[in-house]
Structures are given as structure tokens and as C-alpha cells.
Amino acid sequence: MKNKVNDLKIIYNKTIKVVGVTFANHPKNINKIIENGIYYKAFKRYSGYKDKELIKENINIKEFNKEELSDVILEAYKYENNDAIKVLINDFDDNYLEVGNIPADEVNNLLPYLKNKNNLILSAYLTGGNLKNIIHDEYKNYIEIEKLNIGISLDIIVKEK
């Protein structure tokens, strides 16, 4: 029997940048997820390029470029008497670690959909991190590293029953 993909009605579809990734235990949790993701070969820093390859190919690259993470859970809670939604991501060892929050201006749009998690399709991605820039000078080419924060983006789709 064929799946009726065309019958799927999307009622919410957004890519959201997780906020608060540099606060509390979030950086430690993100680093644990990265460590495990690399260990289990789920992704690689700098898309697996070696420095010599970057220089040869003249590629400027961020540490992470939408590397897909494991399962995601969105959990409603109260923060300073306001509705909020925390983002928890599986660390590839079946521990869900808090990495940040849904931006405040999206919370009210998403809250009604959290009651029926079967209608949610969530994907999380690592973005950013240190940037390797290829520098050309008259003596040799080399890599300069610009220190940047690692971010997490979420693709959130809510389908109708």
C-alpha cells in the first residue's frame, strides 16, 4: 500500500535558532553531544577536511555546517512566570541534555502543538563554531582560526492529524 504523502497537511513549518546556548550548563552539554557525535561518527568537524586540503582547495569553512544531531525533545515550562520551551537533545548515549530554549517570540506559536508530540517532526543541527580562514601572504599560505560560538538550529514541522 502506498503512503499518502500528499495528504500530509503542514500547519507549522519553521527553522529556529536555539537561544541561550552559551548560558548555564548548555555549553558543557553541547560539548558532550559533540564529543559523542564525533566518537560515534555521526559527524566530523570541518566536514572532515584536513588543514592541508583546506589550503590546497582554498576553502574557508566553519567547524560545523548543519551537522544533524540525534533526537530532540521540546519541553514546556515556566521561566520567571512566563511560558517557555526548553530544547533537549539526545547525546547519542540516550541521555537528553538541555541545550537552550525556543526564542520567546515563538513560544506561544508552538505551545499548542506540544500536547500531541506525534504531530511534531523535529530535526536539530549544529551550526557555526570556529571559522578556518585561508590566509595568502607573499611567503606562504596558512590558516587563521576565528573563534566563534557554536549554535543549534531546529527545523520544526507540525502536521495535522
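Structure first, text after, so check above.
Small disclaimer: the values here were computed from a predicted structure and weren't measured. Residue numbers run consecutively from 1 along every chain, following the written order of its sequence. Predicted model: local features are reported for residues with pLDDT of at least 70 only, side-chain atom pairs are reported and counted for 80 or more only, and whole-chain, interface and lining totals are derived from all residues. Values reported for side chains reflect all heavy atoms of the structure, with hydrogen atoms and water molecules removed beforehand.

Any chance you could explain the pairing of strand S8 (residues 150–159) here in plain terms?
Side-chain positions along a regular strand alternate between the two faces of the sheet. Of all 10 residues that make up S8, seven are buried, and the element is covered over most of its length. Here, a strand pair is defined by DSSP locating no fewer than two bridges between the strands. In this description a helix means any DSSP run of H or I spanning at least four residues, a strand means any run of E spanning at least two, and both kinds are numbered starting from the N terminus. Note: strand S1 (residues 10–17) against S8, seven bridges, orientation antiparallel. Bridge assignment links Tyr12 to a residue of S8, and that residue is Val158. As paired elements, strand S6 (residues 120–136) and S8 share nine bridges and run antiparallel to each other. Its bridge partner lying in S8, Leu126 is registered against Ile152. For the exposure calls, accessible area comes from a 1.4 Å probe over protein chains only, and a residue counts as buried if that area is under 20% of its type's maximum, exposed if over 50%, partly exposed in between.

How should the pattern of salt bridges be read in this particular structure?
Close approach of charged atoms lets side chains of opposite charge pair. Any Lys or Arg side-chain nitrogen found within 4 Å of a carboxyl oxygen on Asp or Glu counts as a salt bridge. All told, the structure shown has eight salt bridges when counted by the stated rule. A salt bridge links Asp83 to Lys78; the shortest N-O distance between them is 2.7 Å. Accessibility expressed as a relative area gives 56% for Lys78, which makes it exposed. A salt bridge links Glu98 to Lys86; its shortest N-O distance comes to 3.8 Å.

What's the story with the packing of aromatic side chains in this structure? I'm lost.
Any aromatic ring pair is given by two values, namely how distant the centres are and how the planes are angled relative to each other. The aromatic pairing rule takes the rings of Phe, Tyr and Trp, using the six-membered ring of Trp, and pairs them if the centres are within 6.5 Å, calling planes under 30 degrees apart stacked, those over 60 edge-to-face and the rest tilted. All told, the structure shown has four aromatic pairs when counted by the stated rule. Ring centres 5.9 Å apart and planes at 90° place the aromatic pair Phe43 and Phe64 in the edge-to-face group. In this pair, Phe43 sits in the loop between helix H1 (26–39) and helix H2 (51–57) while Phe64 sits in strand S2 (residues 61–68), placing the two residues 21 residues apart along the sequence. Grouping residues by exposure puts Phe43 and Phe64 together as buried. Connected via pairs of aromatic rings, a cluster forms that spans Phe43, Phe64 and Phe92. Two limits define a charge over a ring: the Lys NZ or Arg CZ must be within 6 Å of the ring centre, and within 35 degrees of the ring normal. Note that Lys86 overlies the ring of Tyr77, its terminal NZ or CZ placed 4.8 Å from the centroid. The residue whose ring lies beneath Lys132 is Tyr46, and the NZ or CZ to ring-centre distance is 4.2 Å.

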